[in-house]
Each structure stands twice: as structure tokens, then as C-alpha cells.
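Results of the structural survey
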Amino acid sequence: MTSPTIRSLGTEHRDRLMHFATEVSFPEGTRIFEEGQSADHFWIVRTGTVTLDFCVPGRPPAVIESLGHGELIGWSWLFSPYVWQLGAEAMTLVRAYELDAAQVRQACQADPELATAVALWVARVVAHRLQSTRARLLDLYAPHGSGLTDGT
């Protein structure tokens, strides 16, 4: 299952969303955001690689997915209380489009078609990330060769 990219939005909605975008870059090794911080912006990767991770007490953060061209960095900006559920780090030099979450939410309130398109796109991203997280947790914590975690 490949992650939904910005291309999964229709052209009209993608163009409308990109109206709010500014170009930014993150040097390799930059923490873009941390789990628990305020989610007031989000990004779409132009070039480079970003990893998503989550905190594991007593261990280094567990990487759950790598993101590349056209992929959404962050979805927590769309759902109250607007707090990051994961962390993100630039693994290479990353060039991205940065969008102000409040501006996009306001545009979505004013345009129900845009709101629906953005919500469906982000929902597909969240579903993909949930599957990636599940697979990564099984890799990290399931006994080797154990099969499914429900005992079957």
C-alpha cells in the first residue's frame, strides 16, 4: 500500500491548497516537529526524505515510515486538539511546501468541497500511517515467527 500523495487531490483542490504554500527547506538531521507539540503547520515534501517516529519509553524513537516526494508531513493539524501524534526528522536535505494549518482550516470552513477533498486525502494518509505503524510495531515487538498478535 503506497502512501497517498498530494496528487490524490483533484487538480482544482490541489491548486487551491497550494495557494497557501511557501517553500522551505530543512537540513539533514533537523527535527521538524516533536510528538506532543502544537500542530500549527504541515508540509508536503518536494525533495528529500523525512522519517516519522514515535516515542518508546527507555528506547530511541521508533521510526515507522519514510516519506518522499509529494507526501504529507503531518496530519494532526486537522484534528483538535492540534497536537502532533508523531515526530518527524529530515533524513536528507528536505525541500518542502509549508502550509499554515489555521489558514487551511479556515479555507475549508468557507468551501465545503475543499473541506471534503482535504479531509478524504488526510483520512487516506492516516489510514496508511496506521497500517505502517502496525507493521512497524509487529517488527519491533512481536516474537520472531509468532504470526499475528491475536494468537492465531
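Below is a short write-up of the structure. (Residues numbered from 1 in each chain as written. Predicted model: local features only at pLDDT ≥ 70, side-chain atom pairs only at ≥ 80, totals over all residues. Heavy atoms only, no water.)

Backbone torsion omega between Ser80 and Pro81 reads 20°, so that peptide bond is classified as cis. Tracing the backbone through its elements, the reader meets Pro81 in the loop between strand 6 (72–73) and strand 7 (87–90). Positive phi values are uncommon outside glycine, yet Tyr82 reaches one of about 60°. Its location among the elements puts Tyr82 in the loop between strand 6 and strand 7. What makes Tyr82 partly exposed here is its relative accessible area of 28%. (Helix = DSSP H or I, 4+ residues; strand = E, 2+ residues; numbered from the N terminus. Buried < 20%, exposed > 50% of the residue type's maximum accessible area, 1.4 Å probe, protein only.)

The next subject is the environment of Arg46. Summarising the element assignment, Arg46 is placed in strand 3 (residues 41–47). Its relative accessible area of 24% is what places Arg46 among the partly exposed residues. The spacing of Arg46 and His69 is 23 residues in sequence and 5.0 Å in space, taken between C-alpha atoms. Non-local contacts of Arg46, meaning those with residues more than four positions away in its chain, are made with Glu23, His69, Arg95, Ala96 and Tyr97. (Contact = heavy atoms within 4.5 Å.)

In this section: the sheet that holds strand 2 (residues 31–33). Ordered by their spatial adjacency, four strands build an open sheet running 2-7-4-5, and the pairing between neighbours is antiparallel. The open sheet has two edge strands, strand 2 and strand 5 (59–67), and neither has a second partner. Direction aside, neighbouring strands of the sheet carry axes that sit 35° apart on average. Examined bridge by bridge, strand 4 (residues 50–56) and strand 7 share four bridges and lie antiparallel to one another. The residue of strand 7 that forms the bridge with Asp53 is Gly87. (Pairing = 2+ DSSP bridges. Axes fitted to C-alpha atoms, helices over the stretch in contact; angles between N-to-C directions.)

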